[in-house]
Amino acid sequence: MDRKIRVLIAKPGLDGHDRGAKVVARALRDAGMEVIYTGLRQTPEMVAEAALQEDVDAVGLSILSGAHMALVPRIMELLRANGQENVHVFVGGIIPEEDVPALLNLGVRAVYGPGTSTSKVAEELETWVLGKQPE
Amino acid sequence: MDYAEAVRSGNRLALARLLTLVENGDPEGRKAMDALFPYTGQAHLIGVTGSPGTGKSSLVNQLALAYRRPTAGAAARRVAIVAVDPSSPFSGGALLGDRVRMRDLSGDPGIFIRSMASRGTVGGLARATAAVVQVLDAAGYEIILVETVGAGQSEVDIARLAHTTLVVEAPGLGDDIQASKAGILEIADILVVNKGDRPGVESTERFLRNMLEIAHPEMQDEAGNETGSGNKKTGWIPPILRTVATRNSGIQQVLEAIENHKAYLQSSGEWQRRDRDRLLFELNAILRDQLYARWRQSLPEGAYNHAIDLLMERKQSIYSILEALLQYHA
């Protein structure tokens, strides 16, 4: 059986800077994962729908607009409503230190700020997915 | 979870999970496919192929939107899209970006989009694409659009999978020598010249028409006038259609051509013949894989490496080694 880690990299919200998202998407591809990239300006509904159809193991959200405290809770809620509470969600971009605990409380696995090495993201993702309990 | 039953009753999460199981060759996926197989054979399978950058994803996006609009003659159709992108031969990973051009389709429960990595298979599709399409067919999607890896000249597997194959070209990508190469153009049931607002579109169309006229001499009457692609005498002649997918221009004509092609397939008996060919091809592919896997398992430890050593020392030829290796087959 040929299992591949499938990750959705999404850019919810209105900012138009997708370089970070693309760098992470590429790094995860180079780590052997199948990365679904959806492009800019995704609504939470679009992110959750893509995560469902693609049956991903993880969702990476890149947010630089400052709207993370509005977008992330909504996405977590939609994933749960779709039966995807086991999907690992991580957030990257510009996230103020004081918001990190609140995001982690929502069930976000990790928040990666600027300067995080992409290999760290790939390694942690592998640990979450491959170490996760069978359903 | 009984995947087959859940998928038949419209459970999208179960469908998505089953597609993963099928893609991974999981035994549970095979079990569900056994139960679903009687429900397959209903959908119109439409392949979309062509060189990278010709606008396949944008065209698929517009076609899906068009199928979702009810028309005077027909209700809106349920549409599934399978978009295949290449896996990296080095890391085995893949960047699947076709959804970027399909954002118009989100929020519609009558559409299901699935991205697939080719996972080392050449030919423009993944090994499991046929199986994934079968599951979507059994799930009740009436139109299944399969977008191949950006294809060159040999990625022709799509013609075996699809009822109707669209080959997408764009102006300025190739000359008439490219167009007369065998392979990708020969598999076209419909030729689409996308980006039709770009310079050079007329010459691209002319090249394609010349190519078709060589393949179908009946396209010209005795006086040398073009009789067009409506010639019913000798079967199907691929129409050449101009689109600008990003502006939704020419899409309706493509849709009509697809419907015409379906009617042609059904009235000519070609539909059944293609179905038979497809199932035969799939069975052969699976048979080949399984026979190889079983034979490999029956080989004693080290026999294969020993054989390679003998070859390298030029002590035996490949064919004599082959005879020896095949003895092991239980």
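Before any of the text, the structure's been laid out above.
Residues numbered from 1 in each chain as written. Chains lettered and ligands numbered in written order. Predicted model: local features only at pLDDT ≥ 70, side-chain atom pairs only at ≥ 80, totals over all residues. Heavy atoms only, no water.

### A short note on empty space enclosed by the protein
Consideration 1: Under the definition given, this model contains one cavity of 30 Å³ or more.
Consideration 2: Surrounding the largest cavity, 13 residues form its lining, Gln42 of chain A together with Arg99, Met102, Arg103 and Ser106 of chain B being those nearest its centre.
Consideration 3: Taken together, the elements giving at least two residues each to the lining of the largest cavity come down to α2 (44-53) of chain A together with β4 (111-117) of chain B.
Consideration 4: A total of four residues in the lining of the largest cavity trace back to one element, the largest contributor, which is α2 of chain A.
Consideration 5: Its residues assigned to classes, the lining of the largest cavity comprises six nonpolar, four polar and three charged. (1 Å grid on protein atoms, 1.4 Å probe; cavity = no way out; pocket = protein on both sides within 12 Å on 5 of 7 lines; lining within 4 Å. Points joined across faces, edges and corners; volume = space filled by probe spheres on them. Helix = DSSP H or I, 4+ residues; strand = E, 2+ residues; numbered from the N terminus. Nonpolar A, V, L, I, M, F, W, Y, C, P; charged D, E, K, R; others polar.)

### Overview of the sheet that holds strand β1 (residues 6-10) of chain A
Consideration 1: The six strands are arranged β5(A)-β4(A)-β3(A)-β1(A)-β2(A)-β3(B) in an open sheet whose pairing can be described as parallel. Whereas interior strands pair on both sides, the edge strands pair on one side only; in this sheet they are β5 (110-112) of chain A together with β3 (94-96) of chain B. Across this sheet, the average inter-strand angle for adjacent strands is 20°, counted without regard to direction.
Consideration 2: Bridge count between β1 of chain A and strand β3 (residues 58-63) of chain A: four bridges; the pairing is parallel. Note that in β3 of chain A the partner of leucine 8 of chain A across the bridge is valine 59 of chain A.
Consideration 3: Each of β1, β2 (34-37), β3 and β4 (88-93) of chain A together with β3 of chain B touches helix α1 (residues 19-30) of chain A; the most contacted strand, β2 of chain A, lies at about 155° to it.
Consideration 4: Taken strand by strand, helix α5 (residues 118-130) of chain A contacts β1, β3, β4 and β5 of chain A, and its axis lies near 170° from that of β5 of chain A. (Pairing = 2+ DSSP bridges. Axes fitted to C-alpha atoms, helices over the stretch in contact; angles between N-to-C directions. Contact = heavy atoms within 4.5 Å.)

### Focus: the nonpolar core
Residues and elements named next belong to chain B.
Consideration 1: Leu15, Val82, Leu136, Ile144 and Leu191 are the most contacted members of the largest nonpolar core, which totals 52 residues.
Consideration 2: Excluding residues within four positions of it along the chain, leucine 136 makes contact with Leu15, Leu19, Ala80, Val82, Phe112, Tyr141 and Ile144.
Consideration 3: Core analysis: the next-biggest nonpolar cluster, separate from the first, contains 28 residues, Leu59, Met102, Ile113 and Trp236 among them. (Core = buried A, V, L, I, M, F, W, Y, C linked by side-chain atoms within 4.5 Å. Buried < 20%, exposed > 50% of the residue type's maximum accessible area, 1.4 Å probe, protein only.)

### Some remarks on the interface of chain A and chain B
A common way to express how large an interface is: the accessible area buried when the components associate.
Consideration 1: On the side of chain B, 28 residues touch chain A, which itself brings 30 residues to the contact.
Consideration 2: Here chain A and chain B share an interface that buries about 2600 Å² over both sides, 47% of which is from carbon and sulfur atoms.
Consideration 3: Seen at the junction of chain A and chain B, the total is five salt bridges.
Consideration 4: Ionic pairing is found between glutamate 23 of chain B and arginine 6 of chain A, a salt bridge with its closest N-O pair at 3.7 Å.
Consideration 5: The interface formed by chain A and chain B includes 18 residue pairs in polar contact (both at pLDDT 80 or more).
Consideration 6: Looking at the side of chain A that touches chain B, the elements that each hand over two or more residues are α1, β2 and α2 of chain A.
Consideration 7: Tallying contributions element by element places α2 of chain A first for the side of chain A that touches chain B, with five residues.
Consideration 8: Among the residues making up the side of chain A that touches chain B, the classes are represented as ten nonpolar, eight polar and twelve charged.
Consideration 9: Where β2 of chain A meets β3 of chain B, three bridges bridge the pair, whose relative direction is parallel. (Buried area = accessible area lost by both parts, 1.4 Å probe. Salt bridge = Lys/Arg side-chain N within 4 Å of Asp/Glu carboxyl O. Polar contact = N/O pair within 3.5 Å; in protein donor to acceptor, adjacent residues only side chain to side chain.)

### Digging into the pairing of β2 of chain A
Residue and element names in this part refer to chain A.
Consideration 1: Residues Glu34 and Ile36 line one face of β2 and the alternating positions Val35 and Tyr37 line the opposite face, and both faces are buried.
Consideration 2: Two strands pair when backbone bridges link them, and β1 and β2 are joined in this way by four bridges, in the parallel orientation. When the bridges of β2 are listed, arginine 6 appears paired with glutamate 34.
Consideration 3: Handedness of the crossover is the feature at issue here: the chain leaves β1, passes through α1, returns alongside β2, and the resulting connection is right-handed. (Right-handed = clockwise from strand over helix to strand, strands pointing away.)

### Looking at a nonpolar patch on the surface
Consideration 1: Judged by side-chain polarity, Ile318, Tyr319, Leu322 and Leu326 of chain B come together as a nonpolar surface patch covering roughly 450 Å² of accessible area.
Consideration 2: Of note, tyrosine 319 of chain B is situated in helix α12 (residues 318-326). (Patch = residues over 30% accessible without salt bridge, like charges linked within 9 Å, V, L, I, M, F, W, Y side chains within 5 Å. Areas by Shrake-Rupley, 256 points an atom, 1.4 Å probe, with all protein chains shown as cover.)

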